Amino acid sequence: MPIFQQINKSFLFLLVMALPFFYIENYIPNQSLITLTEEESKHIITVLRMKVGEQMHLTDGGGNLLTAEIMDAHKKKCVVKVIATNSILPPAYNVTVAVSLLKNTSRFEWLLEKITEIGVSEIIPLICTRTERQAFRRDRMKNILVSAMLQSQQCRLPVLREPTAFNDLVASRFENYNKLIAHCSQDEKSSLLNREKFKLSHFLILIGPEGDFTQEEITSALDHQFVPVSLGDTRLRTETAGVVAATLLTIK
């Protein structure tokens, strides 16, 4: 790569990192003026003490990166003007992680945060035979995803599905996906380190609860053409397994 291209890319990255980064949920393409929510307005004007003329980055979580300038520094309805728009390409690998809900909510929330930072495309909470907790606070979970997306300077928010029963998910049609299941039984498994054997760019991986999937669930997944995969030589907690799987599948 020519040196001037390296400098330009580095400068662009530093510029993105230098500006405050916020999420707007209902962006309309080609919209020139945007009124921010009261919560965001208060944070921008009261906490960050930003003034008219100062700039920020906004994303709708759908791949759009906007550069905007404050036009009206109102602490309840800050108005910004879009001065530049960029469309960020989707990742090379589209990864859906279907993972069992956990009894310990904080551990499940930690998992959501980390796999969002890693760059997964979709998250499906699973209800398995051995799943101990079935409560699901969607609004709180989505806020965790948004915060993790902004913290990691991304422009794509993972799709968060409603909790889904294991049998319903494995019977669903995931055409053009590599369908994988990570379980602890001592069966022959493929390694995610040999990803070249998987021909498709879309992945769906199933991660079980503490205590693992039942043998009936494993058999059902295999009957629906899921491929058993290994996440290493040690037995991992559910949240650790989710992070390891997301890392191995999103790496270019």
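Everything that follows concerns the structure shown earlier in this document.
Computed from a prediction, not measured in an experiment: that's the story for all the values here. (Residues numbered from 1 in each chain as written. Predicted model: local features only at pLDDT ≥ 70, side-chain atom pairs only at ≥ 80, totals over all residues. Heavy atoms only, no water.)

Caption draft 1: Structural view of the layout of surface pockets. Taken as a whole, the second largest pocket spans an internal volume of roughly 580 Å³. What lines the second largest pocket is a set of 19 residues, among which Tyr23, Thr37, Glu39, Glu40 and Val146 lie closest to the centre. Of all the elements in the fold, those that place two or more residues in the lining of the second largest pocket are strand S2 (33–35), helix H2 (38–47) and helix H4 (138–151). A per-element tally of the lining of the second largest pocket places H4 first, with six residues. Class assignment for the residues of the lining of the second largest pocket results in seven nonpolar, seven polar and five charged. (1 Å grid on protein atoms, 1.4 Å probe; cavity = no way out; pocket = protein on both sides within 12 Å on 5 of 7 lines; lining within 4 Å. Points joined across faces, edges and corners; volume = space filled by probe spheres on them. Helix = DSSP H or I, 4+ residues; strand = E, 2+ residues; numbered from the N terminus. Nonpolar A, V, L, I, M, F, W, Y, C, P; charged D, E, K, R; others polar.)

Caption draft 2: Representation of unusual backbone geometry within the structure. Although it is not a glycine, Asn30 sits at a positive phi angle of roughly 70°. Here Asn30 is to be found in the loop between strand S1 (21–23) and S2. Positive phi, normally seen in glycine, also occurs at Asn176, with a value near 65°. For Asn176, the location among the structural elements is in the loop between helix H5 (166–170) and strand S10 (178–182).

Caption draft 3: Quick peek at the pairing of strand S5 (residues 79–87). In the sheet, S2 pairs with S5 via three bridges, with the strands oriented antiparallel. Its bridge partner lying in S5, Thr35 is registered against Val79. Inspection of the sheet shows strand S4 (residues 64–72) paired to S5 by eight bridges, in the antiparallel sense. Residue Leu65 lies in a different strand from S5, and its bridge partner there is Asn86. Linking S4 to S5, which pair antiparallel, is a turn of six residues. (Pairing = 2+ DSSP bridges.)

So, to be careful, I would describe these as geometric facts and stop short of saying anything about function.
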